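# Topology and contacts: notes
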Amino acid sequence: MDQPSSTMPPVTAKPADKPKRLLSLDALRGFDMFWIVSGEGIFHGLANGIKEDHALIQDPHNWTIATNPNLSLIERILVGISNQLHHSPWNGFTFYDLIFPLFIFISGVSMPFSYQKYFTEKETGNASTGKIYYALIRRTLILILLGAVVNGMLQLKGYEHIRFASVLGRIGLATFFAALIYLNTSLKKQIIWFVSILAGYFLLMKYVPVPGFGSGIFTPEGNLSAYLDRLLLPGKLHRTVYDPEGLLSTLPAICSAMLGIFTGKFMQDKALCPNPAKKVGYLILSGIVLLLIAVAGSFFFPINKTMWTSTFVLFAGGWSILLFALFYYLIDVRNYQKWCMPMVWIGTNSILIYVCAHGLFNFESTSSFLFGGIINAIPTAWQQAGLWTGVLIIQLFGLKFLFDKKWFLKI
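Thresholds applied
Counting starts from 1 at the beginning of each chain's written sequence and moves along it residue by residue. Whole-chain, interface and lining totals are the exception, using all residues; otherwise, since this is a predicted model, local features are given only for residues with pLDDT of at least 70 and side-chain atom pairs are given and counted only at 80 or more. The basis for every side-chain value is the complete set of heavy atoms in the structure, and neither hydrogens nor water enter the calculation. Secondary structure follows DSSP: runs of H or I at least 4 residues long count as helices, runs of E at least 2 residues long count as strands, and numbering of each begins at the N terminus. All radius of gyration figures rest on C-alpha atoms, and the globule criterion is 2.2 Å times the number of residues raised to 0.38. Relative accessible area decides the class of each residue, using a 1.4 Å probe on protein chains only: under 20% of the type maximum gives buried, over 50% gives exposed, and in between gives partly exposed. Note that accessible areas follow from Shrake-Rupley with a 1.4 Å probe, and for residues the cover is restricted to the protein chains shown. In this tally Asp and Glu are treated as negative and Lys and Arg as positive; neither His nor the chain ends contributes. Working definition for charges: the position is that of NZ of Lys, CZ of Arg, CG of Asp or CD of Glu. What goes into a patch is any residue over 30% in relative accessible area without a salt bridge, connected to like charges within 9 Å or, for nonpolar side chains (Val, Leu, Ile, Met, Phe, Trp, Tyr), within 5 Å. The salt bridge criterion pairs a side-chain nitrogen of Lys or Arg with a carboxyl oxygen of Asp or Glu, the two atoms within 4 Å. On a scale of 0 to 100, pLDDT captures the predictor's confidence in every residue. Between two residues, a contact is recorded if the distance between any of their heavy atoms is within 4.5 Å. For our purposes a nonpolar core is just a set of buried Ala, Val, Leu, Ile, Met, Phe, Trp, Tyr and Cys residues, chained together by side-chain atoms within 4.5 Å. Pairing of aromatic rings covers Phe, Tyr and Trp, the last through its six-membered ring, and needs centres within 6.5 Å; plane angles under 30 degrees mean stacked, over 60 mean edge-to-face, and all others mean tilted. Each residue is assigned a bend, namely the angle between axes fitted to the seven residues that terminate at it and the seven residues that start at it. Only C-alpha atoms enter the line fits that serve as axes; for helices the fit covers just the stretch in contact. Angles between N-to-C directions range over 0 to 180 degrees. Orientation categories follow fixed angle ranges, with anything under 35 degrees roughly parallel, anything over 145 roughly antiparallel, 65 to 115 roughly perpendicular, and all other angles oblique. All residues other than Ala, Val, Leu, Ile, Met, Phe, Trp, Tyr, Cys, Pro, Asp, Glu, Lys and Arg, Gly among them, are scored as polar; the first ten of these are nonpolar and the last four charged. One less than the number of residues in a helix, times 1.5 Å, gives the span that helix is expected to have. Note on convention: the crossing is left-handed when the near helix lies turned anticlockwise from the far helix by less than a right angle, right-handed when the turn is clockwise.

Summing up its helical and strand segments, the protein chain has 15 helices and 0 strands in all. For 411 residues, the compact-globule estimate of 2.2 N^0.38 gives 22 Å, and the protein chain sits close to it at 23 Å. With respect to the principal axes defined by its C-alpha atoms, the protein chain has extents near 95 × 55 × 45 Å. For the protein chain, the proportion of its 411 residues judged to be buried stands at 47%. Working note: accessible area of the protein chain is about 21,300 Å², and carbon and sulfur atoms make up 66% of it. Charge centroids of the protein chain, computed over 32 positive and 21 negative side chains, lie 8 Å from each other.

So this is what it looks like as structure tokens:
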């Protein structure tokens, strides 16, 4: 066999094109974060103003006011939105239940774009595996620590008063393990992992008995996840008998991130579906299919955010995909972008605004100080909405400044 000529030029890898950033993804992340940093305060304030104007007393989980014939269409819509900004008491699903899994889903969507350079370098043997794992571990530990700080760890009230489980901690852990699966397995094996985790979680919750309750009990006290939280979770539990960000229920949250990874990989693959409009159609179809599977499965395993049930993963994932499809179509396909820029400002510094809004800064006091005169001039029934509108103005002003300066908190 002929040997290759020593005079042949060396083969060099073509530098990978910088992945195009999906503006719709930043906007959707900002839309998601808006509701928990100021949006819920605004809409609860508007709903309370409507109730006081009409002398109505309303349970936040009661829908009857939204269809009250004495209310205008806009008033019914505003009250309906406010009603959706409460978590389900136990089983069930509201828009507020979607906010957390939607954020994890978005984190998953971004992974194929973030790791594109790594896979290109891996093909040429130049990938720094240690560096990528170090970054993953570092990010996870920082999010766990920040979550504990947001929960008041630095107030030093004693070990028994520290809540170690947190929203940020779950984001960190779920995306960490999802990334490990993504970086080390093929698509086929990723799907196997996804199905195995959801099925395995169901089998554990259904058939492993809880002392004093038995097996297959999906009540706040009697479910396996709550029992393990009481048994193993350090510090205090958020709800005394369970923690909504507990240990076992973090396992299916990995699949919320993996649904995002599957979506991001589909968006990244131009060969699979080069037509952006057709991509939207496939996204809508897949979202509807997930919703139908979740509803069918809920007869065996209820849709429940606190337990983060397998059906909850699929139901929240279906809505997440549908929302992403809407944002992608409007912003990246139709190129309607100006309207979404305030959400982009929030989305590109989402962790920063979350930490600031949940303990680091008192935006309500700042709003009262800056806009107190205007707020006090508003009828009393509407002052809460005025106060939180001021909070939003302050947040957007600061976030736009950071966006213009290209200052982003990257963890």
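Quick look at a nonpolar patch on the surface now. The grouping of Tyr 282, Leu 285, Val 289 and Ile 293 at the surface amounts to a nonpolar patch, some 380 Å² of accessible area in total. Secondary-structure assignment places Tyr 282 in helix 10 (residues 276-297).

With that settled, consider the pattern of salt bridges. Scanning the entire structure with this criterion turns up 5 salt bridges. The shortest N-O distance in the salt bridge between Arg 163 and Asp 243 comes to 2.8 Å. Of this pair, Arg 163 sits in the loop between helix 5 (129-150) and helix 6 (167-184) while Asp 243 sits in the loop between helix 8 (224-232) and helix 9 (250-268), placing them 80 residues apart in sequence. Both residues of the pair, Arg 163 and Asp 243, count as buried. Its salt-bridge partner being Lys 400, residue Asp 404 comes within 2.6 Å of it at the nearest N-O pair.

When pLDDT is averaged along the protein chain, the result is 90, and 92% of the positions lie at 70 or above. Under a pLDDT of 50 for its full length, residues 1-17 has, in the predicted model, 3 contacts with residues more than four places off or in other chains.

Here we come to the nonpolar core. Leu 28, Met 33, Ile 104, Phe 105, Tyr 115, Phe 324 and Phe 327 are the most contacted members of the largest nonpolar core, which totals 95 residues. Residue contributions to this core peak at 14 residues, all from helix 1 (residues 23-53). Residues in contact with Phe 105, not counting those within four places in the same chain, are Ser 256, Leu 259, Gly 260, Thr 263, Ser 320, Ile 321 and Phe 324. With 11 residues, the next largest nonpolar core counts Tyr 201, Ala 226, Leu 248 and Phe 301 among its residues.

Below, the discussion takes up the packing of aromatic side chains. This structure, assessed with the given rule, holds 27 aromatic pairs. Taking the centre distance of 5.0 Å and the plane angle of 80° together, the rings of Phe 176 and Phe 177 count as edge-to-face. Phe 176 sits in the buried class, given a relative accessible area of 15%. With a centroid separation of 5.7 Å and an interplanar angle of 80°, the aromatic rings of Phe 401 and Trp 407 are classed as edge-to-face. Relative accessible area serves as the criterion here: at 44%, Phe 401 is assigned to the partly exposed category.

This brings us to the side chain of Ser 256. Relative to the helices and strands, Ser 256 resides in helix 9. If sequence neighbours within four positions are ignored, Ser 256 has contacts with Pro 101, Ile 104, Phe 105, Trp 308 and Val 313.

Moving on, we come to helix 1. Three or four residues apart is the spacing at which side chains of an α-helix point the same way, because the helix has 3.6 residues per turn. Along its length, helix 1 reaches its greatest deviation from straightness, about 65°, at Gly 39. Ala 55 sits one or two residues past helix 1 and shows a positive phi near 55°.

Across residues other than glycine, the phi torsion is negative in most instances, and most of the peptide bonds are trans. Phi at Leu 156 takes a positive value of approximately 55°, unusual for a residue other than glycine. Looking at the element boundaries, Leu 156 is found in the loop between helix 5 and helix 6. What makes Leu 156 exposed here is its relative accessible area of 72%. Positive phi is not limited to glycine here, since Lys 406 has a value of about 60°. Locating Lys 406 in the fold gives a position in the segment after helix 15 (383-405). Classification of Lys 406 as exposed rests on a relative accessible area of 65%.

Now for the packing of helix 1 against helix 13 (residues 350-360). It is at 10 Å that the axes of helix 1 and helix 13 come closest, and there the two elements cross at 0°. By the angle between their axes, helix 1 is roughly parallel relative to helix 13. Counted together, Arg 29, Met 33, Ile 36 and Val 37 of helix 1 and Ser 350, Ile 353, Tyr 354, Ala 357 and His 358 of helix 13 form the full contact between these two elements. Residue composition of the contact of helix 1 with helix 13, grouped by class: 6 nonpolar, 2 polar and 1 charged.

Here we take up helix 3 (residues 95-114). Between its first and last C-alpha, helix 3 extends 28 Å over 20 residues, near the 28 Å set by a 1.5 Å rise per residue. Roughly 30° is the biggest bend found in helix 3, and it falls at Pro 101. In terms of residue burial, helix 3 counts as a mostly covered element, since 18 of its 20 residues are buried.

For Gly 147, the position within the fold is in helix 5. Distance in space between the C-alpha atoms of Gly 147 and Lys 131 is 24 Å, their sequence separation being 16 residues. Non-local contacts of Gly 147, meaning those with residues more than four positions away in its chain, are made with Ser 166 and Leu 168.

What follows covers the packing of helix 1 against helix 2 (residues 73-84). Any two packed helices are characterised by the angle at which their axes cross and by the distance between the axes. Where helix 1 contacts helix 2, the two axes come as close as 8 Å, and the packing angle between them is 130°. Our classification of the angle between helix 1 and helix 2 gives oblique. The chirality of how helix 1 crosses helix 2 is left-handed. Across the interface between the two elements, Trp 35, Phe 43, His 44, Leu 46, Ala 47 and Ile 50 from helix 1 touch Glu 75, Leu 78, Val 79, Ile 81 and Ser 82 from helix 2. Here the residues of the contact of helix 1 with helix 2 are counted per class, giving 8 nonpolar, 2 polar and 1 charged.

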